[in-house]
Amino acid sequence: MASLNPWGKLDEVQNERLMTRLKTRKRITIIAISSIVLVSIIVGAVVGGVSHNKNKSSQQNDNVSSMASTIRAVCNLTLYPDSCISSLSPYAAKRNALKPQDIYKMSVLVALNELSGASDNFLKSETFNNINDPAAAKALQSCHELLSLAFDHLNDTLSIAESSLLDAFDDLRTWLSSAGTYQQTCIDSFENITSNTALWKAAGQNLNNSTRYTSNSLALISSLENSITSLGAIGKRRRLMGFGDDNEYPSWLSSSNDRKLLHKSAPKIKVNVVVAKDGSGKYKTIKAALKAAPEKSKKRFVIYVKKGVYKENVRVEKTKWNIMIIGDGKDATIVSGNRNFIDGTPTFQSATFAVFGKGFVARDIGFVNTAGAAKHQAVALMSTADESVFYRCKMDAFQDTLYAHSNRQFYKECDIYGTVDFIFGNSAVVIQNCNILPRRPMNGQQNTITAQGKVDPNQNTGISIQNCSVMPWGNLTGINTFLGRPWKNYSTTVFMESNLGGFIHPNGWMPWVGTTAPSTIFYSEYNNIGAGANTNNRVNWQGLKLRLTSKIVTKFTVKPFIQGNKWLPAAAVPFKAGL
């Protein structure tokens with residue numbers, strides 16, 4: 001994730017590109033006016049439209065004018081209004097009438113078409129077909145997979161939009177946020193290819209339009225949700241579906257059987273397959289057991305992994321849904337690997353254990369990357385799986401230990417060890433009741449616990465750390481340790497109700513570039529305890545919020561931050577729903 005020199009300056013081209021997104025606040029007046037127009041449009045769509053008694057010619061002229069005004073008003077809500085208007089106008093010209101759903105669907109189709117062309121360019125263009133550097137070839141391989149995932153997520157949003165757009169805002173924002181993250185990760189994959197920096201620029205140029213169109217779709221769905229909620233059309237419905245108690249369960253672990261599974265000890269659980277190194281199970285490797293799991297199953301498939309060290313790099317593929325892996329304890333059942341950046345593996349491919357299939361659950365198991373500090377980026381666990389849960393697990397490495405890449409994730413009672421940026425990514429993730437354990441880094445390095453990668457203000461992403469213990473693992477004398485640093489321009493991280501050890505640097509946070517941070521970040525500390533929780537000498541950043549009300553901080557708790565509208569009735573790992 002970070003460069004070979006983890007304290008180096010970002011490339012000015014990337015920084016300049018990211019900074020163009022800082023103009024949102026200047027559009028407040030435009031947005032206010034446009035929102036009025038949009039609300040009017042939505043009212044018509046929700047109520048069923050308004051009939052007009054005009055002659056045919058006049059009505060056609062009014063329709064053309066109305067559609068043009070509608071496109072302009074809606075597009076002014078995006079980060080890239082010019083690209084929005086130019087891409088949607090040809091589609092709108094062919095329609096006799098437009099509803100908000102139509103505009104949104106058109107924007108996703110535009111993004112899909114552009115992403116398809118950009119993906120083909122990676123396969124066909126001369127720039128990417130004449131790669132001799134093995135590291136660059138692996139980065140290209142990562143891009144192919146990432147763009148495939150982005151395409152899947154855009155398709156998912158389109159299919160839902162066609163059936164019940166107004167009932168799926170949480171899902172839509174999550175998947176569109178992830179689609180944007182996949183494309184950004186593709187670009188970032190080439191950032192560290194020092195042998196050919198032109199590849200990084202070419203990747204950014206190739207995906208320039210598709211990332212903008214994806215951002216436009218995200219802005220449209222966000223403004224649509226906000227407008228409808230302001231009308232009260234769905235606000236009451238969503239409150240009625242909320243949590244009733246403080247302790248609830250994430251609904252992606254949805255059945256009563258799942259609840260029972262997580263309240264039994266592993267050997268007593270009725271499992272589908274057993275993995276054991278000594279041959280006492282059906283399989284000797286986790287890979288083999290996963291290969292036997294059904295494709296896109298709507299039922300839980302339980303794999304019990306007996307104690308032992310399993311030296312294998314494991315992938316839960318995107319077609320393996322609702323997998324549950326249970327070990328004999330985070331220090332007894334260990335998955336171990338050593339892939340790393342220095343030896344030629346991109347960060348995205350370095351994980352010892354990588355999860356892509358939605359609805360994944362892990363319990364009582366450890367994930368370790370043994371590459372060591374000298375190998376720099378070396379991920380122990382990566383999850384890009386929507387609605388994934390890790391309960392009583394261990395993530396053990398140095399730099400980039402836990403890659404909470406994208407989608408919605410929840411961690412409970414886990415131990416997380418690391419040095420540089422060791423909790424990072426751009427998911428919507430809540431880490432609750434965990435032990436966060438900075439360890440001694442390489443000479444000359446400093447510890448940064450988090451590096452959050454939000455690149456778009458409309459993404460519903462961030463790292464929320466609640467009721468955790470942040471304590472040193474070993475002797476950190478002489479080592480500066482910070483709560484985090486802003487990886488991207490809208491980096492969002494909250495530490496709340498946690499115990500922060502006195503080894504935390506008084507400044508609290510470290511800049512990525514220069515001496516300050518973009519004003520667009522959102523960092524917060526709320527109701528923490530311990531010697532490291534004293535905020536008197538924190539950095540003076542506009543984006544660091546130290547006196548927020550509980551109402552604002554609550555937005556980053558489990559109930560509002562990572563719930564989908566289909567998650568609420570559910571069951572599994574117990575968690576605190578709010579503050």
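Provided above is the structure to which this section pertains.
Please read these numbers as outputs of a predicted model, since none were measured by experiment.

*Asks:* Would you mind going over the overall build of the chain with me for this structure?
*Replies:* On a plain count of helices and strands, the chain comes out with 15 helices and 28 strands. In the chain, which comprises 579 residues, the share counted as buried stands at 57%. For the chain, long-range pairs separated by at least 24 residues make up 74% of all intrachain contacts whose partners lie at least 6 apart in sequence. For the chain, the exposed surface amounts to about 23400 Å²; the carbon and sulfur share of it is 49%.

*Asks:* When you look at the sheet that holds strand β2 (residues 273–275) in this model, what are you seeing that I'm missing?
*Replies:* Strand pairing in a sheet is mediated by backbone hydrogen bonds. Such pairs are either parallel or antiparallel. Pairing within the open sheet is parallel, and its 11 strands lie in the order β2-β3-β6-β9-β12-β15-β18-β21-β24-β26-β27. With partners counted over all chains shown, the strands left at the sheet margins are β2 and β27 (544–545), one partner each. Across 5 bridges, the pairing between strand β18 (residues 428–432) and strand β21 (residues 462–466) is parallel. Looking at β21, one finds that Val429 is bridged to Ile463.

*Asks:* Before we go on, may I ask you to explain the pattern of salt bridges in this structure?
*Replies:* Scanning the model with the defined rule gives 17 salt bridges in all. Residue Glu145 is joined to Arg315 by a salt bridge in which the shortest nitrogen-to-oxygen separation is 2.4 Å. Taken as a pair, Glu145 in helix α7 (residues 134–164) and Arg315 in strand β5 (residues 314–316) lie far apart in primary sequence, 170 residues in all. When salt bridges with common partners are traced through the structure, they connect Asp171, Asp386, Glu387 and Arg408 into a single cluster.

*Asks:* Quick question: what am I supposed to make of the state of the cysteines here?
*Replies:* Such a bond, covalent and formed between the sulfur atoms of two cysteines, is termed a disulfide. Scanning the entire structure with this criterion turns up 2 disulfides. A sulfur-sulfur separation of 2.1 Å characterises the disulfide bridge that pairs Cys75 with Cys84. The sign of the S-S torsion, about -65°, decides the handedness of the disulfide formed by Cys75 and Cys84: left-handed. Cys75 gets classed as buried once you look at its relative accessible area, which sits at 0%. A relative accessible area of 1% means that Cys84 is categorised as buried. Covalently, Cys143 is tied to Cys186 through a disulfide, its sulfur atoms 1.9 Å apart. Disulfide Cys143-Cys186: the torsion about the S-S bond is 100°, which places it as right-handed. With Cys143 in helix α7 and Cys186 in helix α8 (residues 169–189), this pair connects stretches of sequence that are 43 residues apart. The two residues Cys143 and Cys186 agree in class, both being buried.

Rules and cut-offs
Residues numbered from 1 in each chain as written. Predicted model: local features only at pLDDT ≥ 70, side-chain atom pairs only at ≥ 80, totals over all residues. Heavy atoms only, no water. Helix = DSSP H or I, 4+ residues; strand = E, 2+ residues; numbered from the N terminus. Buried < 20%, exposed > 50% of the residue type's maximum accessible area, 1.4 Å probe, protein only. Contact = heavy atoms within 4.5 Å. Areas by Shrake-Rupley, 256 points an atom, 1.4 Å probe, with all protein chains shown as cover. Pairing = 2+ DSSP bridges. Salt bridge = Lys/Arg side-chain N within 4 Å of Asp/Glu carboxyl O. Disulfide = S-S within 2.5 Å.

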